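Residue-level structural notes
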Amino acid sequence: MSTLGKKTVDDIDVKGKNVLVRCDFNVPMKDGVITNDNRIVAALPTIKKLIENGGRLVLCSHLGKPKNGPEAKFSLAPVAVRLSELLGKKVVFADDDNVTGENAKAAVAAMQDGDVVLLQNTRFRKEETKNLPEFSKDLADLVGENSAYVNDAFGSAHRAHCSTAGVTDYIKTTAVGYLMEKEIRYLGNAVNDPVRPFVAILGGAKVADKLNVIENLLNKVDTLIIGGGMAYTFLKAQGNEVGTSLVDNEKLDYCKEMLKKAQDKGVKLLLPVDTAVASSFPDPIDAEIAVEYVDSDKIPADMMGLDIGPKTQELFGQAVKSAKTVVWNGPMGVFENPVLAAGTKAVAKALAETDATTVIGGGDSAAAVMQLGYADKMTHISTGGGASLEYLEGKVLPGIDCIANA
């Protein structure tokens with residue numbers, strides 16, 4: 001049973017039943033070839049468990065953002081091929097532009113216990129993203145009465161779409177898959193019931209993207225570390241010269257409020273004390289670049305901050321050392337550039353060396369940790385960028401909320 005009280009695949013009987021499983025097969029593709037199958041691999045434990053328990057699996061997922069209905073480049077056909085290889089059994093691909101058409105109906109009708117069918121891209125139906133009842137009902141009708149629904153797509157759990165939420169109006173037996181359960185357990189517990197000291201590290205470019213996250217975390221953490229591009233808005237709010245660094249001038253008052261809120265609550269809020277500066281942003285992003293390190297209150301007027309400096313790396317590393325729970329979302333600098341990846345690398349290394357529960361909140365920070373070779377040292381790397389951010393904001397995610405309570 002999941003720690004946040006939702007039914008899981010271990011709580012439902014699927015033998016001989018059709019099971020609609022919402023997966024996250026939104027994999028990167030180039031010329032019809034999957035370039036990274038991590039998301040398919042991540043879905044295997046749930047799929048294998050349901051096969052083992054005698055379910056008849058009807059898998060669905062979106063892929064990309066088809067704008068004008070069905071487009072061949074967004075077909076899930078390559079996913080069916082790769083999934084067949086990984087499972088060692090045939091996955092029938094139901095290629096219907098309307099997702100629940102004749103091919104899907106015939107494939108589902110022919111299923112035996114343990115069989116697997118994959119439907120076409122759910123976003124080929126325009127009703128999907130609008131959560132219109134017609135498509136939700138079509139999905140439910142496809143699997144029929146006495147069926148079950150399992151959501152294992154955390155990356156889409158913050159969206160109220162037909163395949164992530166609407167369909168549960170018509171299918172009563174619902175559960176989360178193992179991947180979703182893990183996300184709820186690690187992300188949910190880290191934020192709502194952390195072992196202390198609890199340290200959160202926020203990076204990335206814009207304060208605007210993290211407004212609610214900062215505010216929510218200040219009510220929960222012992223230490224909040226802010227790096228990345230958004231640190232310069234905070235530094236400017238403190239009255240520092242930040243040169244040509246990225247600053248959101250409209251959010252200066254908000255940053256002042258947050259600095260005061262941290263002080264009032266006794267939360268330690270750490271900002272960079274030194275910065276890697278250069279005369280301009282690297283173009284292309286991985287181009288060679290000459291940087292120098294200056295104290296964060298002495299950034300020259302014609303220079304921009306692009307990463308945290310060595311003193312800050314040490315400061316942030318020390319804060320992580322004594323933590324028992326660490327949540328990290330957003331890189332410390334322009335990590336795509338080898339020179340400007342130093343800060344992100346140092347934070348990843350500090351997390352890899354701590355005994356704390358370390359939760360990486362998807363998106364760029366997940367990419368950075370994988371790219372830098374520290375993935376296996378983290379307790380949990382979230383599969384959802386937008387979903388994990390909304391979780392950190394304290395929002396209710398529709399794709400989890402609609403699942404039956406345990």
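Refer to the structure above for everything that follows.
Residues numbered from 1 in each chain as written. Predicted model: local features only at pLDDT ≥ 70, side-chain atom pairs only at ≥ 80, totals over all residues. Heavy atoms only, no water.

1. Quick notes on the packing of helix H1 (residues 38–52) against helix H2 (residues 77–87)
It is at 11 Å that the axes of H1 and H2 come closest, and there the two elements cross at 60 degrees. Between H1 and H2 lies a crossing of right-handed hand. Facing Ile40, Val41, Leu44, Ile47, Lys48 and Ile51 of H1, the residues of H2 in contact are Val79, Arg82, Leu83, Leu86 and Leu87. When the residues that make up the contact of H1 with H2 are grouped by side-chain class, the tally is 9 nonpolar, no polar and 2 charged. (Axes fitted to C-alpha atoms, helices over the stretch in contact; angles between N-to-C directions. Helix = DSSP H or I, 4+ residues; strand = E, 2+ residues; numbered from the N terminus. Left-handed = near helix turned anticlockwise from the far one by under 90°. Contact = heavy atoms within 4.5 Å. Nonpolar A, V, L, I, M, F, W, Y, C, P; charged D, E, K, R; others polar.)

2. Comments concerning the nonpolar core
Leu20, Leu119, Phe154, Ile214, Leu224 and Phe234 are the most contacted members of the largest nonpolar core, which totals 70 residues. A per-element tally of this core places helix H9 (residues 252–265) first, with 6 residues. Setting aside residues no more than four positions away along its own chain, Leu119 makes contact with Leu20, Val58, Leu59, Cys60, Leu76, Phe93, Ala94, Val99, Ala104, Leu139 and Leu142. Counting 29 residues, the second-largest nonpolar core is a separate cluster that includes Leu44, Leu50, Ala80 and Val116. (Core = buried A, V, L, I, M, F, W, Y, C linked by side-chain atoms within 4.5 Å. Buried < 20%, exposed > 50% of the residue type's maximum accessible area, 1.4 Å probe, protein only.)

3. Some thoughts on the environment of Asp302
Among the secondary structure elements, Asp302 is positioned in the loop between strand E13 (292–295) and strand E14 (304–308). Taking the C-alpha atoms as reference points, Asp302 and Ser280, separated by 22 residues in sequence, lie 8.8 Å from one another. For Asp302, the residues in contact, after removing those within four places along its chain, are Thr244 and Ser279.

4. So, the pairing of strand E7 (residues 148–151)
The side-chain alternation of E7 yields two buried faces, one formed by Ala148 and Val150 and the other by Tyr149 and Asn151. Here 4 bridges tie strand E1 (residues 18–22) to E7, and the two strands are oriented parallel to one another. Directly across from Arg22, in E7, lies its bridge partner Asn151. Inspection of the sheet shows E7 paired to strand E8 (residues 173–176) by 4 bridges, in the parallel sense. Looking at the pairing, Ala148 lines up with Thr173 of E8. (Pairing = 2+ DSSP bridges.)

5. With respect to the pattern of salt bridges
Under the criterion given, the structure shown has 17 salt bridges. Residues Asp24 and Arg39 are paired through a salt bridge, measuring 3.6 Å at the closest nitrogen-oxygen approach. One end of the pair, Asp24, is in the loop between E1 and strand E2 (29–30); the other, Arg39, is in helix H1, and 15 residues separate them in sequence. For Arg39, a relative accessible area of 31% corresponds to the partly exposed category. (Salt bridge = Lys/Arg side-chain N within 4 Å of Asp/Glu carboxyl O.)

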